[in-house]
Amino acid sequence: MPTTHKSSNPVPNKERIKMPRQHMPEQLPQIRNKQFTEVNLGYSAELARQEALRCLECAKPTCTKDCPVGVKVKDFVQLIVDGDFLAAAAKIREDNVLPAITGRVCPQEDHCEGACLLCKRGESLGIGYLERFVADYEQQHFDPSTIVKAPPTGKKVAIVGSGPSGLTAAGDLIQKGHQVHVFEALHEIGGVLVYGIPEFRLPKKIIREQVDIMRAMGVVFETDVVVGRTVTVDELMNEEGYDAVFIGTGAGLPQFMGIPGEHLNGVYSANEFLTRINLMHAYEFPKYDEPMVDFRGKNVAVIGGGNTALDAIRSSLRLGAGNAFILYRRSEAEMPARLEEVKHAKEEGVQFQTLAAPLEFLDDGKGWLTGARCQKMELGEPDSSGRRRPIPIEGSEYVVPLSVAIMAIGTTANPIIRTTTPGLATTKKGYIQADDTTQKTSRKGVFAGGDIVTGGATVILAMGAGRRAASAMHDYLTTGNW
Amino acid sequence: MSHPHVTINPAFYGDSVFKIIHAEFIAPGIKRFVIEAPRIARKQRPGQFVIVRVNETGERIPLTIERSDPDKGTVNIVVQSIGKTTHLLNSLQTGDAILDIVGPLGKPSEIENFGTVVVMGGGVGTAMAYPSAAALKRAGNRVITILGGRNKDLVILENEMREVSDTVFITTDDGSYGDKGLVTDKLRQLIDNGTRIDEVLAVGPIPMMRAVADMTRKERIHTVVSLNPIMIDGTGMCGGCRVQVEGKSEFACVDGPEFDAHRVDFAILVQRNAMYRDAEKRSLENFQRDCQLEKQKASAPAEAETTCAVEGK
Ligand SMILES: Cc1cc2nc3c(=O)[nH]c(=O)nc-3n(C[C@H](O)[C@H](O)[C@H](O)COP(=O)(O)OP(=O)(O)OC[C@H]3O[C@@H](n4cnc5c(N)ncnc54)[C@H](O)[C@@H]3O)c2cc1C
Ligand SMILES: Cc1cc2nc3c(=O)[nH]c(=O)nc-3n(C[C@H](O)[C@H](O)[C@H](O)COP(=O)(O)OP(=O)(O)OC[C@H]3O[C@@H](n4cnc5c(N)ncnc54)[C@H](O)[C@@H]3O)c2cc1C
Ligand code: SF4
Ligand code: FES
């Protein structure tokens with residue numbers, strides 16, 4: 001079947017299937033596990049074009065269908081084949097405003113790449129790598145004079161929280177001509193992208209550049225404002241004249257297991273540990289003032305199996321940990337982390353102790369952690385998440401000597417907004433209730449999206465919510481209909 | 001005047017910078033700052049605090065709001081030089097700026113008419129207890145204040161406290177002012193001579209708060225303390241500030257900082273606050289060495305004083 005875009009790909013389809021996936025150039029494991037600079041180095045233009053040539057140009061591209069925001073993969077990949085990288089970037093931007101970020105952190109195996117037909121024959125197209133390439137290329141060739149903005153509508157919107165959902169909503173709304181003011185509790189813009197995901201996976205520079213573009217477009221960022229404390233949602237609407245509010249405050253509250261010894265020195269939540277590292281630069285002590293306990297040569301374990309757990313354990317290695325363990329209560333197959341992170345972690349020397357969970361943390365009598373008493377698990381029937389449930393094995397207890405333990409077992413909703421915004425409907429677990437298509441909450445003029453609605457999810461899902469909200473907010477602002 | 005330790009780059013780090021309207025030492029090593037922060041000034045309630053980050057390489061530290069002026073849009077903080085960050089902060093002067101201040105954070109103090117309340121302030125803790133004492137007085141309580149310090153110079157805010165108290169007692173460790181002894185000695189006396197006490201609020205060093213808690217537990221007097229664990233974000237996001245309250249983990253920045261003294265595990269608080277002692281020591285030594293070098297380099301001695309005058313008169 002012919003496609004709308006006339007293909008300039010000279011390689012016959014039969015040959016494309018045989019072409020190997022182009023490897024992402026990366027730092028050597030034994031070098032990168034000692035420093036925080038980015039692991040993946042990025043495709044060159046030549047590698048990108050080679051990889052793009054593999055695309056089968058399917059008539060009904062399943063990759064686009066499985067991307068939460070519907071990036072037109074086939075079209076942007078063809079533009080890479082054509083060598084028009086800026087046009088490729090513009091094509092992605094039609095659906096995804098932060099491609100330099102999603103290209104790096106999307107769980108592509110669950111979305112676009114997982115759906116790619118090439119998977120059946122071998123390896124999927126490197127869609128994330130290609131997305132990252134064009135986004136980085138665009139960044140280097142960015143011309144601020146090309147920014148187009150709709151004429152001012154005279155409407156003012158407040159965005160609460162500057163994670164991917166808030167940034168996406170802000171970017172869309174400013175382009176529609178509204179005045180946009182982003183309020184962020186921390187001192188840096190970016191949410192989990194700056195305080196959670198480490199430099200070696202997502203350099204801060206990339207987020208800064210995106211934020212600078214938004215500034216150039218007219219978005220105002222105000223840091224150091226905890227909405228609910230510094231100013232309430234109602235005050236924003238009634239006293240400061242905001243016509244609509246988007247809440248994208250994430251799921252930032254760390255959970256602990258509630259087992260004995262979690263108060264010991266050396267036991268951290270992943271949020272605290274990663275915040276010290278990323279937001280506060282503890283790895284650059286004493287140039288930066290934030291301290292960290294000494295990891296050098298120590299045994300460190302992270303409890304959990306998601307991206308957060310892997311980020312924490314790989315950061316520990318970079319702080320000089322002697323032995324770095326992942327303690328996960330299910331098996332590797334159930335780990336929610338991105339495949340590439342698991343692979344990278346193993347190459348860097350992380351040891352995986354799966355089917356195991358701590359029962360208690362042990363101390364030296366002076367309040368410092370010395371180890372964990374753990375229990376082995378086996379897998380039973382699938383639970384509500386569809387993953388097989390871990391069942392403790394009687395009599396399988398053992399002790400791991402540890403100096404640091406980091407809890408990465410999930411987060412929940414922060415209650416500050418919920419408890420200071422009357423009439424805002426929330427779920428039993430404290431997440432904000434919002435409509436699936438418009439992100440409208442129970443309060444007129446108030447929208448919400450991202451992790452604060454879904455619970456901890458992914459960057460691209462948060463961005464999708466931000467985009468849906470922006471579109472519904474625009475309707476509301478221009479028609480006044482709720 | 002901009003300060004050599006403070007580099008401000010509003011281009012990325014948010015659009016707000018917080019100006020110091022006035023700064024002066026009120027005791028050796030203890031400085032009061034009046035800072036322009038209109039949003040915080042409007043919302044502050046007694047017992048709440050801010051988190052401050054002085055400059056781009058700085059850590060975030062919590063400081064209680066001593067008072068605020070919503071009309072002028074200012075908040076006051078009173079800072080004691082302890083380690084690197086408080087020394088750095090206390091080297092700033094009128095006209096300088098602070099990069100980040102966020103707040104007001106924490107639960108406000110529970111203010112009601114209890115009857116007779118004893119407010120106890122140890123050292124810089126007096127500045128933290130002051131707004132609550134004033135609110136307790138306004139709520140109709142009889143306020144008995146006990147202020148303590150190692151010596152006369154470290155008894156702070158005496159006049160301010162007198163204005164909001166029915167009675168003020170002062171104790172110093174060395175007897176250089178008021179009664180020689182500890183604030184708890186005075187509390188003991190009050191209890192022993194039959195003074196009716198409905199509520200105690202104690203803010204100061206951990207050993208002091210622990211001693212008060214032990215004393216009032218036996219007497220069954222409801223007692224509130226303001227805890228000072230290490231904090232980062234101050235919004236419930238990191239869990240670093242967790243304290244043990246009756247065997248349960250609570251986050252001091254959102255569930256506190258004030259807690260029922262009889263339920264607090266002070267030993268764990270002491271243990272957790274000691275977590276970074278070596279690094280903190282190194283930070284302070286580096287800072288003092290840099291100050292020393294700066295002083296030596298400065299041609300005019302007067303100028304040297306303006307950059308690293310952390311001790312006060
Ligand atoms: C360590 C880690 C690694 C991850 N890795 C990946 C990955 O590889 N791929 C992936 O797709 N996803 C990953 N995730 C998940 C992903 O980062 C989140 O799903 C996503 O960031 C959620 O976006 P959000 O916009 O909902 O909120 P967040 O990114 O959580 O941002 C919320 C922002 O709101 C601010 N805020 C909160 N309360 C207030 C308030 N009251 N007032 C003002 N501001 C407030 C917060 O400070 C924060 O900056 C990871 C998460 C973590 C923690
Ligand atoms: C809610 C609250 C209110 C406070 N109010 C005041 C106040 O009004 N005036 C005042 O002078 N002090 C106050 N403090 C204490 C003040 O935050 C610490 O003295 C300061 O953080 C020390 O930093 P430093 O770098 O100078 O010292 P460091 O050498 O870093 O530390 C000295 C000690 O201070 C504590 N500390 C260190 N870092 C932190 C941190 N990030 N957060 C909390 N404590 C830390 C630790 O116990 C440490 O052992 C308050 C603390 C809390 C929790
Ligand atoms: S946004 Fe994510 S899921 Fe969508 S095409 Fe890009 S990498 Fe794939
Ligand atoms: S300071 Fe981070 S949770 Fe309290």
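Preceding this paragraph is the structure being described.
Just so you know, these numbers come straight off a predicted model, no measurement behind them.

Asker: Help me understand the overall build of chain A in this model?
Answerer: Of regular secondary structure, chain A possesses 20 helices and 16 strands. The principal-axis extent of the C-alpha atoms belonging to chain A is close to 65 × 65 × 50 Å. For chain A, the proportion of its 482 residues judged to be buried stands at 59%. In chain A, the proportion of contacts linking residues at least 24 apart, taken out of those at least 6 apart, comes to 69%. Mean positive and mean negative side-chain charge positions of chain A (54 and 58 charges, respectively) differ by 4 Å.

Asker: How should the pattern of salt bridges be read in this particular structure?
Answerer: Should the charged atoms of two oppositely charged side chains come close, the side chains can pair. Residues and elements named next belong to chain A. Summed over the entire model, instances satisfying the criterion amount to 58 salt bridges over all chains. Linking Glu 347 and Arg 32 is a salt bridge whose minimum nitrogen-to-oxygen distance equals 2.7 Å. Of this pair, Glu 347 sits in helix H17 (residues 339–348) while Arg 32 sits in helix H2 (residues 29–32); the two residues are 315 residues apart in sequence, bridging distant segments of the chain. With relative accessibility at 32%, the residue Glu 347 sits in the partly exposed group. Judged by relative accessible area, Arg 32 falls into the buried class, the value being 0%. Its salt-bridge partner being Glu 94, residue Lys 72 comes within 2.8 Å of it at the nearest N-O pair. You can see Lys 72 sitting in the loop between helix H4 (62–66) and helix H5 (73–81) and its partner Glu 94 sitting in the loop between helix H6 (85–93) and helix H7 (99–105), a full 22 residues away along the chain. A relative accessible area of 42% means that Glu 94 is categorised as partly exposed.

Asker: It is not clear to me how the environment of Tyr177(B) should be interpreted in this structure. Could you clarify?
Answerer: All names here are of chain B. Looking at the secondary structure, you find Tyr 177 in the loop between strand E10 (167–172) and strand E11 (179–180). Relative accessible area serves as the criterion here: at 27%, Tyr 177 is assigned to the partly exposed category. Between the alpha carbons of Tyr 177 and Val 200 there is a distance of 23 Å; along the sequence they are 23 residues apart. Excluding anything up to four places from it in sequence, Tyr 177 contacts Lys 152, Glu 158, Ile 170, Thr 171 and Thr 172. Here the side chain of Tyr 177 touches Glu 158 through a polar contact of 2.8 Å, side chain to side chain.

Asker: In this structure, what is going on with the site of ligand 2? I would like to understand it.
Answerer: Residue and element names in this part refer to chain B. In the neighbourhood of ligand 2, 25 residues make up the surrounding shell, with Pro 62, Val 78, Gln 80, Gly 83 and Thr 86 lying closest. At 2.9 Å, a backbone N or O of Met 231 approaches a nitrogen atom of ligand 2. At a separation of 3.0 Å, an oxygen atom of ligand 2 approaches a polar backbone atom of Asn 273. Coverage of ligand 2 by the protein amounts to 90% of the 870 Å² it exposes when considered alone. If you list the elements that add at least two residues to the shell around ligand 2, you get strand E4 (60–69), strand E5 (74–80) and helix H2 (84–89). Here the element with the most residues in the shell around ligand 2 is E4; it accounts for five residues. Across the shell around ligand 2, the residue classes tally to 14 nonpolar, seven polar and four charged.

Asker: Would you mind going over the site of ligand 3 with me for this structure?
Answerer: Neighbouring ligand 3 are Cys67(A), Pro68(A), Val71(A), Val73(A), Asn96(A), Thr102(A), Cys106(A), Gln108(A), His111(A), Cys112(A), Glu131(A) and Ile460(A). Residues that form the shell around ligand 3 fall into these classes: seven nonpolar, four polar and one charged.

Asker: Just to check I follow, could you spell out the environment of Gln433(A) for this structure?
Answerer: Residues and elements named next belong to chain A. Residue placement: Gln 433 occurs in the loop between helix H18 (415–420) and strand E16 (446–448). In this structure the C-alpha to C-alpha distance between Gln 433 and Phe 447, which are 14 residues apart in sequence, comes to 9.5 Å. With residues near it in sequence (within four places) discarded, Gln 433 still touches Ala 425, Thr 426, Thr 427, Lys 440, Thr 441 and Ser 442. Here the side chain of Gln 433 touches Thr 426 through a polar contact of 3.2 Å, landing on its backbone oxygen.

Asker: What's the story with helix H6 (residues 206–219) of chain B in this structure? I'm lost.
Answerer: An α-helix turns once per 3.6 residues; consequently, residues spaced three or four apart project the same way. Residue and element names in this part refer to chain B. Taking 1.5 Å of rise per residue, 14 residues should cover 20 Å, and H6 covers 20 Å from first to last C-alpha, within 8% of that figure. All buried positions along H6 are accounted for by Ile 206, Met 208, Met 209, Val 212, Ala 213, Met 215 and Thr 216. For H6, the elements touching its buried residues are strand E8 (116–122), helix H5 (183–192), strand E12 (199–203), strand E13 (223–226) and helix H8 (266–273). Just downstream of H6 lies Arg 220, where phi reads positive at about 55°.

Asker: Would you mind showing me how to read the side chain of Thr85(B) here?
Answerer: Topologically, Thr85(B) is positioned in helix H2. Apart from the residues lying within four places of it in its own chain, the contact partners of Thr85(B) are Asp289(A), Val54(B), Glu59(B) and Ile61(B).

Asker: I'm lost on the sheet that holds strand E16 (residues 258–260) of chain B in this one. Help?
Answerer: In a beta sheet, neighbouring strands pair by backbone hydrogen bonds and run either parallel or antiparallel. Residues and elements named next belong to chain B. Ordered by their spatial adjacency, seven strands build an open sheet running E11-E10-E9-E8-E12-E13-E16, and the pairing between neighbours is mixed. Bordering the open sheet on either side are E11 and E16, each of which pairs with just one other strand. Running at roughly 145° to strand E9 (residues 142–149), H5 makes contact with E8, E9, E10 and E11 of the sheet.

What counts as what
- Residues numbered from 1 in each chain as written.
- Chains lettered and ligands numbered in written order.
- Predicted model: local features only at pLDDT ≥ 70, side-chain atom pairs only at ≥ 80, totals over all residues.
- Heavy atoms only, no water.
- Helix = DSSP H or I, 4+ residues; strand = E, 2+ residues; numbered from the N terminus.
- Buried < 20%, exposed > 50% of the residue type's maximum accessible area, 1.4 Å probe, protein only.
- Contact = heavy atoms within 4.5 Å.
- Lys, Arg positive; Asp, Glu negative; His and termini not counted.
- Charge placed at Lys NZ, Arg CZ, Asp CG, Glu CD.
- Salt bridge = Lys/Arg side-chain N within 4 Å of Asp/Glu carboxyl O.
- Polar contact = N/O pair within 3.5 Å; in protein donor to acceptor, adjacent residues only side chain to side chain.
- Near = heavy atom within 4 Å.
- Areas by Shrake-Rupley, 256 points an atom, 1.4 Å probe, with all protein chains shown as cover.
- Nonpolar A, V, L, I, M, F, W, Y, C, P; charged D, E, K, R; others polar.
- Expected span 1.5 Å × (residues − 1).
- Pairing = 2+ DSSP bridges.
- Axes fitted to C-alpha atoms, helices over the stretch in contact; angles between N-to-C directions.

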